[in-house]
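As a plain string of letters, each chain reads:
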Amino acid sequence: SAGKDYVRINPYIDENTVIVAGGRSVSAWNKNNGAKLWQVGLDEELSGGVSGTGSLILVGSNNGGAFALDRQSGKVVWKQRLTSEVVAISPPANGIAAFRTSDGRLSGLNLQSGEVLWQQVRQGSPLSLRGASTPVTVGGMVIAGFDSGVVTAFDMQSGRALWEATLSVPRGQGDLDSVTDVDGKMKAVGEALFAASYNGLIMGINMRDGKPAWSAPYSSYSGLDADANGVYTTSISGLFWKLDPQTGKPVWKMDDLERRQLTAPTIVGNYVVVGDYKGVLHWINTSTGLLAARVQGDPAGYTVAPVLDGNVIYTLGRSGVLSAVALQ
């Protein structure tokens, strides 16, 4: 699966189920004991998701298939054909889910029918990293990152653009200098959205008007997690930072995990957890920046951030190993 490293399909968790997708199948597992509830084969290679509602599960394929499955049985409820590879799907809001495709489009789909209600395009540079951050839905808006280095908020009902913030501009002659993607995990906290770009900035953005409260020169491919106490991010080289959410100033830097190709971080209580390419999960104390614990997970490694539910994290590794881990 070395060629599929760019595919970052996130587990979806609800009251009692964890739903994962990979290859050409989607499967549902009992959250508490790991028993398999159902598995469904689709005739397309999956590339985006998993998102969902109480009754539907949403996934997308590498040739533009958008699928809604019945949450109880896995049966396909509808299928829609989009313009290119589905790389991410927003959480649904107001009966709509936004599908981000690799051609720089965001499409709003009706959850009942799969009908495309609106489409927006933000073209990126010809050279871009494969993948895209999961769009964030907040208060009637869907906010998406694009390969041109912008983060844009759209009205979920109409698709009308509300504001746009630029996190990255191409700066050099080299190929990698022109990569400006906002691909990593973004996080909304209160009225602030925290987002990062490759070759660019981390920014705290006021979601009412899209104006930056602050920006700081940290590049990240995998993205960040944030709460009222800190913004946590991992750099391309594997440095781990905690920034002040009000100002963007660094609180601590941790360099024990360099060159480990870290996932985006996930805040778990007083810790922040990351996975690495060797399949190790690292717990870091949010106050001190010191390593608190390590657990070996999927030996094939992690590219997707752990997903928190209650005090348990669920991790899906590159070989398809799903684990639930709680720090005692």
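Residues numbered from 1 in each chain as written. Predicted model: local features only at pLDDT ≥ 70, side-chain atom pairs only at ≥ 80, totals over all residues. Heavy atoms only, no water.

Undergrad: Would you mind going over the overall build of the protein chain with me for this structure?
TA: For the protein chain, the count of helices and strands is 0 helices and 31 strands. A burial count over the protein chain gives 55% of its 328 residues as buried. Considering only intrachain contacts with a sequence separation of at least 6, the fraction spanning at least 24 residues in the protein chain is 42%. A total accessible area of about 13,400 Å² is found for the protein chain, and carbon and sulfur atoms account for 48% of it. (Helix = DSSP H or I, 4+ residues; strand = E, 2+ residues; numbered from the N terminus. Buried < 20%, exposed > 50% of the residue type's maximum accessible area, 1.4 Å probe, protein only. Contact = heavy atoms within 4.5 Å. Areas by Shrake-Rupley, 256 points an atom, 1.4 Å probe, with all protein chains shown as cover.)

Undergrad: Can you walk me through the sheet that holds strand β27 (residues 280–285) in this structure?
TA: Strand pairing in a sheet is mediated by backbone hydrogen bonds. Such pairs are either parallel or antiparallel. Spatially, the 4 strands line up as an open sheet ordered β25-β26-β27-β28, and their pairing is antiparallel. What marks the edges here is a single partner per strand, and that holds for β25 (266–268) and β28 (291–296). The mean inter-strand angle of the sheet, taken between neighbouring strand axes irrespective of direction, is 25°. In this structure, strand β26 (residues 271–275) lies alongside β27, joined through 5 bridges in antiparallel fashion. Paired with Val272 across the two strands is Ile284, which belongs to β27. (Pairing = 2+ DSSP bridges. Axes fitted to C-alpha atoms, helices over the stretch in contact; angles between N-to-C directions.)

Undergrad: Help me understand the confidence of the model for the protein chain in this model?
TA: In low-pLDDT segments, the atomic positions of the prediction should not be examined closely. Counting all residues, the mean pLDDT for the protein chain is 88, and 90% of those residues have values of 70 or more. Ranking the helices and strands of the protein chain by mean pLDDT puts strand β7 (residues 65–70) first, with 98, and strand β31 (residues 322–326) last, with 88. Here residues 1–6 is modelled with pLDDT under 50, and outside its nearest four sequence neighbours on either side it reaches 8 contacts, counting other chains as well. (pLDDT = per-residue confidence, 0-100.)

Undergrad: I keep staring at the nonpolar core and nothing clicks. Help me out?
TA: Note that soluble globular proteins tend to have their nonpolar side chains buried in a common cluster. In terms of nonpolar packing, the biggest core is built from 15 residues, with Ile19, Val26, Leu42, Val50 and Val59 touching the most fellow members. For this core, the secondary structure elements donating two or more residues are β2 (17–22), β3 (25–30), β4 (36–41), β5 (46–52), β6 (56–61) and β7. Of all hydrophobic cores here, the second largest spans 14 residues; its members include Ala153, Trp163, Ala165 and Met203. (Core = buried A, V, L, I, M, F, W, Y, C linked by side-chain atoms within 4.5 Å.)

Undergrad: Is there a simple way to think about the sheet that holds strand β14 (residues 141–145) in this case?
TA: Taken together, 4 strands build an open sheet; the order of strands is β13-β14-β15-β16 and the sheet is antiparallel. In this open sheet, the two strands that pair with only one neighbour each are β13 (136–138) and β16 (161–166). Ignoring which end each strand starts from, the neighbouring axes of this sheet average 20° apart. Both β13 and β14 contribute to a ladder of 3 bridges, which runs antiparallel. Looking at β14, one finds that Val138 is bridged to Met141.

Undergrad: Just checking my understanding: could you explain the packing of aromatic side chains for this structure?
TA: The geometry of an aromatic ring pair is captured by the separation of the ring centres together with the interplanar angle, meaning the angle of the planes. What the rule picks out here adds up to 5 aromatic pairs. Ring plane angle 45° and centroid distance 6.1 Å describe the contact between Tyr232 and Trp252, whose orientation is recorded as tilted. Residue Tyr232 is found in strand β22 (residues 230–234), and its partner Trp252 is found in strand β24 (residues 250–254); the two are separated by 20 residues along the sequence. One exposure class covers both Tyr232 and Trp252, and it is buried. An aromatic cluster is built from Trp118, Phe146 and Phe154, whose rings are joined through pairwise contacts. (Phe/Tyr/Trp six-rings, centres within 6.5 Å; stacked < 30°, edge-to-face > 60°.)

Undergrad: Can you help me understand the pattern of salt bridges in this one?
TA: One side chain can pair with another of opposite charge once the charged atoms of both are near each other. Applying the stated criterion to the full structure yields 11 salt bridges. Across the salt bridge formed by Arg71 and Asp14, the nearest N and O atoms sit 2.4 Å from each other. Note that Arg71 is positioned in the loop between β7 and β8 (76–81) and Asp14 in the loop between β1 (12–13) and β2, a separation of 57 residues in sequence. Considered together, Arg71 and Asp14 belong to a single accessibility category, that of buried residues. Its salt-bridge partner being Lys187, residue Asp225 comes within 3.0 Å of it at the nearest N-O pair. Here Lys187 lies in strand β17 (residues 187–189) and Asp225 lies in strand β21 (residues 224–227), a separation of 38 residues in the sequence. (Salt bridge = Lys/Arg side-chain N within 4 Å of Asp/Glu carboxyl O.)

Undergrad: Would you explain the pairing of β5 in this entry?
TA: Where a strand is regular, its side chains alternate between the two sheet faces. Judged by how many residues are buried, β5 sits mostly within the fold: 7 of 7 residues are covered. Joining the antiparallel neighbours β5 and β6 is a turn of 3 residues.

Undergrad: It is not clear to me how the side chain of Asp276 should be interpreted in this structure. Could you clarify?
TA: Examined against the element boundaries, Asp276 turns out to sit in the loop between β26 and β27. Looking at Asp276, the relative accessible area reads 0%, which means it is buried. Here Arg260 takes part through its side chain, which lies 2.6 Å from a polar atom of the side chain of Asp276. Among the polar contacts listed, one links the side chain of Asp276 to the backbone nitrogen of Val280, at a separation of 2.9 Å. Apart from residues lying up to four places away in sequence, Asp276 is in contact with Arg260, Gln261, Leu262, His282, Gly301 and Tyr302. (Polar contact = N/O pair within 3.5 Å; in protein donor to acceptor, adjacent residues only side chain to side chain.)

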